[in-house]
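Each chain, letter by letter, is given below.
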2 protein chains.
Amino acid sequence: MLTYDLEARGGLSLYEYLYRRLRDDILSGALTAGERLPSKRALAEHLRVSVVTVEGAYQQLEAEGYVDARPRSGFFVSQVDRRLPAAEEGAPVPAEEPPRSWRLDLKSGQVDPFPSALWARLTRQVLSEGSHLSPAPYQGLLSLREAIAQDLRDFKGMAVSPEQIVVGAGAEYLYLLLAQLLGREGTVFALEDPGYPKIRQVYGKWGAVCRPIPLDGQGMRLEALYASGATAAHLSPAHHYPTGIVTPIARRQALLRWAEERDAVIIEDDYDSEFRFTGRPIPTLQSIDTRGRVIYMNTFSQTISPSMRVGFMVLPPRLLERYRRELGFYASTVPTLDQQVLARFLSGGGYERHISRARKKYRLRRAAVLERFQNCPFAASITDRGAGLHFLLRLKDRPEDDEALRQRAEGQGVRLSFLSEYAAIPNPAYDHTLVINYAGLDGPRLDEAEALLREVFLTR
Amino acid sequence: MLTYDLEARGGLSLYEYLYRRLRDDILSGALTAGERLPSKRALAEHLRVSVVTVEGAYQQLEAEGYVDARPRSGFFVSQVDRRLPAAEEGAPVPAEEPPRSWRLDLKSGQVDPFPSALWARLTRQVLSEGSHLSPAPYQGLLSLREAIAQDLRDFKGMAVSPEQIVVGAGAEYLYLLLAQLLGREGTVFALEDPGYPKIRQVYGKWGAVCRPIPLDGQGMRLEALYASGATAAHLSPAHHYPTGIVTPIARRQALLRWAEERDAVIIEDDYDSEFRFTGRPIPTLQSIDTRGRVIYMNTFSQTISPSMRVGFMVLPPRLLERYRRELGFYASTVPTLDQQVLARFLSGGGYERHISRARKKYRLRRAAVLERFQNCPFAASITDRGAGLHFLLRLKDRPEDDEALRQRAEGQGVRLSFLSEYAAIPNPAYDHTLVINYAGLDGPRLDEAEALLREVFLTR
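Presented here is a report on the structure given in the accompanying data block. Predicted model, so just to flag it, every value in this text is computed and none were measured.

Quick notes on the overall build of chain A
Counting its secondary structure elements, chain A contains 15 helices and 15 strands. Computed over C-alpha atoms, the radius of gyration of chain A comes to 31 Å, more than 25% over the 23 Å expected from 2.2 N^0.38 for 460 residues, which places it beyond the range of a compact globule. Overall, the C-alpha framework of chain A stretches about 90 × 60 × 50 Å when taken along its three principal axes. Taking all 460 residues of chain A together, 57% fall into the buried category.

Dropping the structure here:
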């Protein structure tokens, strides 16, 4: 008769402890496959516990498949493996890089300020109404898409209907959708070079062919684009990252002509288009596209916060049908709560006011930062196009290469971003050029930044 | 000299109106490429406006590329296209299907109840602290991953470190990551059949080969799995959707053996594992896997709300390294705010209490629903495994096929889900079997549901 010392069970219940002892004996082979366990009554009497206790343990073993219950026969041990020898037990888990803390970080997109009070108020409102509980339609909450469409009409002159909009959890997720939508056999993507590396990473992971296209002062070089054989081009005409180039109207029309001639699609990545400090924005490609060749996309990372994770794309009718047919099964990746709050933030005017305040703030900050850096002895020239949250600073000639400078800066806790890092096709013209995001450089931080950069570039 | 009737400008400013008239003349060709515009002073005098007004209009035209400013020469019209003929103007935008409102929806995963008050409180807390402003680390907020790891340890006996966890915006997004991680050339995915259709859709979109594997009473048929040549298997051993099958321990060990023999990976999709009403949960595959073959994944859609869009996966060390190397560039797709709130919800004990309350509620509801449906004249039998939020109801024999029944029900505003819809390999054994999600069927709605189903199935 099976015997277990139930006094040794510690804090476990009788039933739990009995279950574990039986299970261990089955796994170790002490109880062999096919062996019949004692009747519940007999074991209960033997161990001086209630039948209910034994019943509980037997039922648990049966539920997990350790024993079979045969009516009118009893409980029989199942065929289970002995414990597999521990081969990779305690295999070391690769540690994560702890988040680096920098004295000065000129690479990360800093954004400032976040409209916390209003956001909190709208969030409370939505929570109390309970309207965040239902899953959103796959393309995104209708009220949010309506608010986005209205915003695009009012501020960018784009005639867009909410049906054309697909909301997604950030730029990279949208790139993923675009890769799936456009990246069939034979699709070649033309990407601006230099350019934002994540675009190439996502399209490349999908297996699409990516051709880097060099730029001139107006954007993608047309002859290189034509020569690439591309059937899709991903570009940022409003304010290129990281060069800051703004594509003028004639070049925009030429790009649309290319798309028409080559039966191609243009993805207009309108990131960083809200903050324009000289004149008004040039009409988006989407708004002058009469042939349904342009997919427009944008996110709220620059205008509200990169921690928000909300972006959207506007599909022309022809591609909208294809999207619904082929990718329509993807559920929305943005929480309903966030979509509700954002919709109200947009439609209530909060977004517009926030942008205006931010624009004023950035205008002043940009002027202060440009002036300060223009006067720094290590700066040869500054390229700024009167838009966006970054500019280029060309260093005075020096022997070290970009990588050596980057490492020296890192050693001093300064994170620098070099234009050359963004180029797939190397070009000496890109050397010694910093990409500086100025959004976070308010008064004290600007002083600090200047001091640290002088340390990096002027000391030996 | 150019002449424009500025009185006709309506609500536009002088500068704006002048800019538009000039632009239109350039686009229409009335002003030809290379033509020199009047000097600012001359035009200002002629139109009786200030020089500043003309200057503003000219600068805008120049910024947009309609004119070139040549120092000491003047402003010259650029070469721009005439407006392209409107070819697809007003191309009809395919309308969306309006959200269908059903009298009874037995297909959608209903979840009830959402912990609104606590969620609102935690949200206010996070907002006031401002800790939601920074983008989260790419694998997800550390405090959230720690809370998830703790939860897995406490309630599932899984030894998991936060470094192994990757947080993502819902199950489909995680499937997308898995497809990229595992779906190289030659990878064959074994999928349970019947099964959750989105899995096949996402992997299929990626281009991976998917083999449907039929089931027996314990899960995937082993001989079919071996015969499939698969190198990855995606399964739900805790409570299969939609059959409800619970995979016992011996079969789990056999599956691990298969993975070891075939150098394969198992994706343990632990959806719907929290609500077990008989006995305790069987150890997860991940917890008995000593060879690093199992990727465990789960979401909070069932346990909190499908509108939340938060899921996670636990990568074994070997695959974690590969993930970081190949997919490590993907930023987190869950808003920082939501991650912060969820982390506190978990670590403060709110989640555990919520689950307990929900489990009690569902236990009672399940019992009531099962009893009611068992006694319905149209039901032949009910299959329920004592776990999860759905069960199978086999209809009594009848001439119509599943599709005819589904349409008849739809005509009466009732949305039904048939087991046969989930099978890639048709099998008459699946016919006439409803998959019923009972989570939303509280007292009044249960009465309503019974009445509507009687209408559908018993009237001619």
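Read on for the rest.
Observations regarding the sheet that holds strand 12 (residues 379-383) of chain A
Each strand in a sheet pairs with its neighbour through backbone hydrogen bonds, running either in the same direction (parallel) or in the opposite one (antiparallel). Residues and elements named next belong to chain A. Spatially, 12-13-15 is the arrangement adopted by the three strands of the open sheet, whose pairing is antiparallel. Of all strands in the sheet, those with a lone pairing partner are strand 12 and strand 15 (433-437), marking the two edges. Averaged over neighbouring strand pairs, the angle between their axes works out to 30° when direction is ignored.

Points about the nonpolar core
Counting residues in hydrophobic clusters, the biggest one holds 134 residues, and the most contacted among them are F373(A) and F373(B). Ignoring anything within four residues of it in the chain, the contact list for F373(B) reads A379(B), I382(B), F391(B), L393(B), I436(B), L441(B), L446(B) and L453(B). Listed in part, the 64 residues of the second largest apolar core include V202(A), Y203(A), I267(A) and M297(A).

Details of helix 12 (residues 336-347) of chain B
Turn by turn, an α-helix covers 3.6 residues, leaving residues three or four places apart pointing in a common direction. For helix 12 of chain B, with twelve residues, the first-to-last C-alpha span of 16 Å sits near the 16 Å given by 1.5 Å per residue. Of all twelve residues making up helix 12 of chain B, ten are buried, and the element is well covered by its neighbours. Of all the positions in helix 12 of chain B, only T336(B), L337(B), D338(B), Q339(B), Q340(B), V341(B), L342(B), A343(B), F345(B) and L346(B) are classed as buried. Looking at the buried side of helix 12 of chain B, the elements it contacts are helix 4 (116-129) and helix 12 (336-347) of chain A together with helix 4 (116-129), helix 5 (142-156), strand 4 (165-168) and helix 13 (350-374) of chain B. The positive-phi residue at the C-terminal boundary of helix 12 of chain B is G349(B), with phi of around 90°.

Quick notes on the relation of the copies chain A and chain B
Superposition record for chain A on chain B: RMSD 0.1 Å, screw rotation 180°, translation along axis 0.0 Å. Taken together, the rotation and translation relating the two chain copies correspond to the operation of a two-fold axis. Interface overlap between copies is the fraction of interface residues in one copy that are interface residues in the other; for chain A against chain B it reaches 100%, indicating a shared surface.

Looking at a positive patch on the surface
On the surface, R121(A), R124(A), R353(A), R357(A), K360(A), R121(B), R124(B), R353(B), R357(B) and K360(B) cluster together into a positively charged patch. Contributing elements (two or more residues each) for the positive patch: helix 4 and helix 13 (350-374) of chain A together with helix 4 and helix 13 of chain B. By secondary structure assignment, the location of R121(B) is in helix 4. We classify R121(B) as partly exposed; its relative accessible area is 48%.

Considering the side chain of S273(A)
Residues and elements named next belong to chain A. Checked against the element boundaries, S273 lands in the loop between strand 9 (265-269) and helix 10 (285-288). The exposure class assigned to S273 is buried, which follows from its relative accessible area of 11%. In contact with S273, other than residues within four places in its own chain, are K156, A238 and N298.

Focus on unusual backbone geometry
Across the junction of D193(A) and P194(A), the peptide omega takes the value 5°, indicating a cis bond. With respect to the secondary-structure elements, P194(A) resides in the loop between strand 5 (188-193) and helix 7 (197-206). A cis geometry characterises the amide bond from Y241(B) onward to P242(B), with omega recorded as 5°. Mapped onto the elements, P242(B) comes out in the loop between strand 8 (232-235) and helix 9 (249-261). Positioned with a positive phi, R72(A) is a non-glycine residue whose angle comes to about 70°.

Focus on the environment of Q340(B)
All names here are of chain B. Here Q340 shows up in helix 12. According to the relative accessible area criterion, Q340 is buried, its value standing at 10%. Taking the C-alpha atoms as reference, Q340 lies 53 Å from A69; in sequence the two are 271 residues apart.

Concerning the sheet that holds strand 6 (residues 209-216) of chain A
All names here are of chain A. One open sheet holds the eight strands; their spatial order is 4-11-10-9-8-5-6-7, and the pairing between them is mixed. The outermost strands of the open sheet, each flanked by one partner alone, are strand 4 (165-168) and strand 7 (219-220). Two strands pair when backbone bridges link them, and strand 8 (residues 232-235) and strand 9 are joined in this way by four bridges, in the parallel orientation. Along strand 9, the bridge assignment pairs L235 with E268. Sheet contacts for helix 5 (residues 142-156): strand 4, strand 10 (294-299) and strand 11 (311-314); angle to strand 4, the most-contacted strand, approximately 115°. Across the sheet, helix 6 (residues 171-182) is in contact with strand 4, strand 5, strand 8, strand 9, strand 10 and strand 11; its angle to strand 10 comes to roughly 160°.

Let's talk about the pattern of salt bridges
Between side chains of opposite charge, a pair can form as their charged atoms come close. Residues and elements named next belong to chain A. Counted under the stated rule, the structure contains 42 salt bridges over all chains. A salt bridge links D216 to R251, with the shortest nitrogen-to-oxygen separation between them at 2.9 Å. With D216 in strand 6 and R251 in helix 9 (residues 249-261), the pair connects residues that are 35 residues apart, well separated along the chain. By sharing partners, the salt bridges in this structure join E260, D263, R291 and R293 into a single network.

Considering the interface of chain A and chain B
Frequently, the measure chosen for interface size is the accessible area removed from exposure when the parts meet. Tallying the contact residues gives 85 residues for chain A and 86 residues for chain B. Of the roughly 7,200 Å² buried between chain A and chain B, counting both surfaces, carbon and sulfur atoms make up 58%. One can count zero salt bridges joining chain A with chain B. Taken together, chain A and chain B are joined by 15 residue pairs in polar contact (both at pLDDT 80 or more). The residue inventory of the side of chain A that touches chain B, partitioned by class, reads 44 nonpolar, 21 polar and 20 charged.

Details of the pairing of strand 4 of chain B
Residues and elements named next belong to chain B. In strand 4, alternate side chains face the same way, and those of I165 and V167 on one face and V166 and G168 on the other are all buried. Alignment of strand 4 against strand 11 (residues 311-314), held across four bridges, turns out to be antiparallel. The residue of strand 11 that forms the bridge with I165 is V314.

Here is what the cut-offs are and how they apply
Residues numbered from 1 in each chain as written. Chains lettered and ligands numbered in written order. Predicted model: local features only at pLDDT ≥ 70, side-chain atom pairs only at ≥ 80, totals over all residues. Heavy atoms only, no water. Helix = DSSP H or I, 4+ residues; strand = E, 2+ residues; numbered from the N terminus. Rg over C-alpha atoms; globule rule 2.2 N^0.38 Å. Buried < 20%, exposed > 50% of the residue type's maximum accessible area, 1.4 Å probe, protein only. Pairing = 2+ DSSP bridges. Axes fitted to C-alpha atoms, helices over the stretch in contact; angles between N-to-C directions. Core = buried A, V, L, I, M, F, W, Y, C linked by side-chain atoms within 4.5 Å. Contact = heavy atoms within 4.5 Å. Expected span 1.5 Å × (residues − 1). Least-squares fit on C-alpha atoms with pLDDT ≥ 70 in both. Patch = residues over 30% accessible without salt bridge, like charges linked within 9 Å, V, L, I, M, F, W, Y side chains within 5 Å. Areas by Shrake-Rupley, 256 points an atom, 1.4 Å probe, with all protein chains shown as cover. Salt bridge = Lys/Arg side-chain N within 4 Å of Asp/Glu carboxyl O. Lys, Arg positive; Asp, Glu negative; His and termini not counted. Charge placed at Lys NZ, Arg CZ, Asp CG, Glu CD. Buried area = accessible area lost by both parts, 1.4 Å probe. Polar contact = N/O pair within 3.5 Å; in protein donor to acceptor, adjacent residues only side chain to side chain. Nonpolar A, V, L, I, M, F, W, Y, C, P; charged D, E, K, R; others polar.

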